Amino acid sequence: MLDSTEEGYVTADGRQIGGVVMEMRNITLRFGGVVAIKDISFDIREGEIRAIIGPNGAGKSSMLNVISGFYNPQEGEVIYRGSKRPQMRPFQVARQGIARTFQNIALFEGMTVLDNVMTGRLNHMKASLLDQAFWWGKAQREEVANRQKAEEIIDFLEIQHIRKTPVGRLPYGLKKRVELARALVSEPSILLLDEPMAGMNVEEKEDMSRFILDVNDEYGTTIVLIEHDMGVVMDLSDRVVVMDYGKKIGDGTPTEVRSNQEVIDAYLGVAHD
Amino acid sequence: MPDQLIFAMEVTINGLLNGVMYALVALGFVLIFKASGIFNYAQGVMALFAAMTLVGIQQGRVPFGHLINEIFGTDVHYFGWEVPALAAILLTVVVMLAFAVLVQKFVFKHLVGQEPIILFMATIGLAYFLEGVSDLMWGSEIRNMDVGLPQGINDAIDAATFEIFGYGFFIDNLDISAAIIAAILVGGLIAFAQYTKQGRAMRAVADDHQAALSVGIKLNYVWVLVWTLAGIVALVAGIMWGSKSGVQFSLSLIALKALPVLMLGGFTSIPGAIVGGLIIGMGEALFEFSIGPMIGGATENWFAYVLALVFLVFRPQGLFGEKIIERV
């Protein structure tokens, strides 16, 4: 097991990981009689890439929805930056600095790429309607700063060439990237990615992996991701939570998880010698 | 120039100006439909209510006067003051804001995620409720609307056209001011939607609720905002139609005139509402002028609907509506 002191740990590739940003304590989530998540606890540390994996229906997406406030668990606590988080609605969680993407892409299809990315800055705008109407003072400064940040992220994710294209016309792979840009532009303290590589071909997957690593490296963003593709997860993530039927069956570095017998049985299949 | 052509020009201009009035009503529908997917049957009644409130405030009437007199045995009808038009309009805007907050809080907040038909039914209920409230608050007599808009024939146009064609066009000043005010209103709405934070949030909610939540937009806030805007548009439409034909119950039926405009222009497009209104206004005026006399006249009552039906066959999404593509 990793050294889980207050100060964090050093990853295999030499990155320093900080203290705990968010801690899930004994989370249980039910839909009627169905238990989607059963008494799960884990933590997320500053600057790490944390993966949640598991077979279909294991409760991974539900877990992400708990973190982002789309679901409220019946039992357990979410500790965010040292204090217990009260029941919150998704927009409140977003305003706390937790950004996310969706498994089935949720973009504003009728708006351009730039407009989509700019919506990610809405919570950084404080100017009053009056200021905006006359385009003076704060309104102007904010708009310029927000636009700069948006352009920076657009450059970073290499989507400059489609800045003015309505998102509805883009192919799937690019849409995924725009969604990442919109989440990233809000300068989140935690970035949640729900199957960022689902439905992509090998080349697109490689691109997306590179972007995820670059984001983490360049901005030091803490990333929590759900992914099906085992190879990708093992390459990308620093620590992995493995879920099966709503329960946690493993937690640790990719190497540790890979050698965990329960995980092998449940998810990776029994090895053929 | 032949007389017929000159008459046709006059009819066209008047038709276009009428179309602006239709567009004003249609605009209110589009705003709410775009942002929340609700087809707001109550839009016409909102125009009636807004106009009644404006007149009531202006004349210093006591709201719920009848009710108060009935219960307490008093005999109050007027406060005894008159409110200037501009102040009365601002107060009416505040009333429409309060209406938006209440509608969201007591009706649509509880219906989030329901089928469109259920939301539609709710707006039908809302329409009758609001009609009742309007009656109870201000009474049901016909009122004159006078907010100081110019009325009557425009002498300048009359003189100028007489100079050119030897025939003076009859263009009503009220129609001209309606067109100017509508243009300002639409310009303002578009600027608001495009360039302000609130407008951006509004467009985002119109497009995708889930995505809007994930970037930290409070849906309730945006919906209240949209209902307020629709209330303001209803107020403007109410002022225009009220100045033209008096504030009375039939004002709420102008909503029916907006339906063919929406089918033509598309339910989701602000420019569509404008162009649709203009086409319907001009089309029905020209049709009445050219074909009307052959078939006994009064074609204005049905022409718009027939035109809308023809459009439904060839372009079900309307002229500017978003294309409906569904994958199977």
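Note: the structure precedes this text.
Everything in this summary refers to the structure shown in the same document. The model shown is predicted, which means the values in this text are computed figures rather than measured ones.

Another aspect to go through is the overall build of chain A. Looking only at helices and strands, chain A features 10 helices and 12 strands. Against the compact-globule benchmark of 19 Å for 273 residues, chain A has a radius of gyration of 19 Å, which places it among compact chains. Each principal axis of the C-alpha atoms in chain A carries an extent, and together these give about 70 × 40 × 40 Å. Long-range contacts, defined here as pairs at least 24 residues apart, represent 67% of the contacts in chain A between residues at least 6 apart.

Our next topic: the sheet that holds strand E7 (residues 83–84) of chain A. All names here are of chain A. The antiparallel open sheet is built from 4 strands, whose spatial order is E4-E3-E6-E7. Strands with a single pairing partner mark the edges of an open sheet, and in this sheet they are strand E4 (34–45) and E7. Inspection of the sheet shows strand E3 (residues 20–31) paired to E4 by 8 bridges, in the antiparallel sense. Paired with glutamate 23 across the two strands is aspartate 43, which belongs to E4.

Of the residues lining the interface, 22 residues belong to chain A; the matching set on chain B comes to 18 residues. Mapped by element, the contributors of at least two residues to the side of chain A that touches chain B are helix H2 (90–95), helix H3 (113–119) and helix H4 (129–134) of chain A. Broken down by element, the residue count for the side of chain A that touches chain B peaks at 4 residues, all from H2 of chain A. The class makeup of the residues in the side of chain A that touches chain B is 12 nonpolar, 6 polar and 4 charged.

When a protein is soluble and globular, its nonpolar side chains tend to lie buried together. All names here are of chain B. Formed by 159 residues in total, the largest nonpolar core has its most connected members in Ala23, Leu24, Ala26, Ala47, Ala51 and Val226. The dominant element in this core, judged by the number of residues it contributes, is helix H10 (residues 219–245), at 18 residues. Setting aside residues no more than four positions away along its own chain, alanine 47 makes contact with Val25, Ala234, Ala237, Gly238, Trp241, Leu251, Ser252 and Ile254.

When glycine is set aside, most residues are seen to have a negative phi, and most peptide bonds are trans. One non-glycine residue, arginine 81 of chain A, lies in the positive phi region at around 50°. Inspection of the secondary structure assignment puts arginine 81 of chain A in the loop between strand E6 (75–80) and E7. A positive phi is found at phenylalanine 64 of chain B, a non-glycine position, where the angle reads about 55°. One can find phenylalanine 64 of chain B in the loop between helix H2 (43–58) and helix H3 (65–72).

Residues and elements named next belong to chain B. Running from N to C, helix H8 (residues 197–207) and H10 cross one another at 105°; their axes reach a closest spacing of 10 Å. Relative to H10, H8 is oriented roughly perpendicular. Facing Gln198, Ala201, Met202 and Val205 of H8, the residues of H10 in contact are Leu219, Val222, Leu225 and Val226. Class assignment of the residues belonging to the contact of H8 with H10 gives a composition of 7 nonpolar, 1 polar and no charged.

About the thresholds
- Residues numbered from 1 in each chain as written.
- Chains lettered and ligands numbered in written order.
- Predicted model: local features only at pLDDT ≥ 70, side-chain atom pairs only at ≥ 80, totals over all residues.
- Helix = DSSP H or I, 4+ residues; strand = E, 2+ residues; numbered from the N terminus.
- Rg over C-alpha atoms; globule rule 2.2 N^0.38 Å.
- Contact = placed C-beta atoms within 7 Å.
- Pairing = 2+ DSSP bridges.
- Nonpolar A, V, L, I, M, F, W, Y, C, P; charged D, E, K, R; others polar.
- Core = buried A, V, L, I, M, F, W, Y, C linked by C-beta atoms within 7 Å.
- Buried ≥ 20, exposed ≤ 12 C-beta atoms within 10 Å, placed from the backbone.
- Axes fitted to C-alpha atoms, helices over the stretch in contact; angles between N-to-C directions.
- Parallel < 35°, antiparallel > 145°, perpendicular 65-115°, else oblique.

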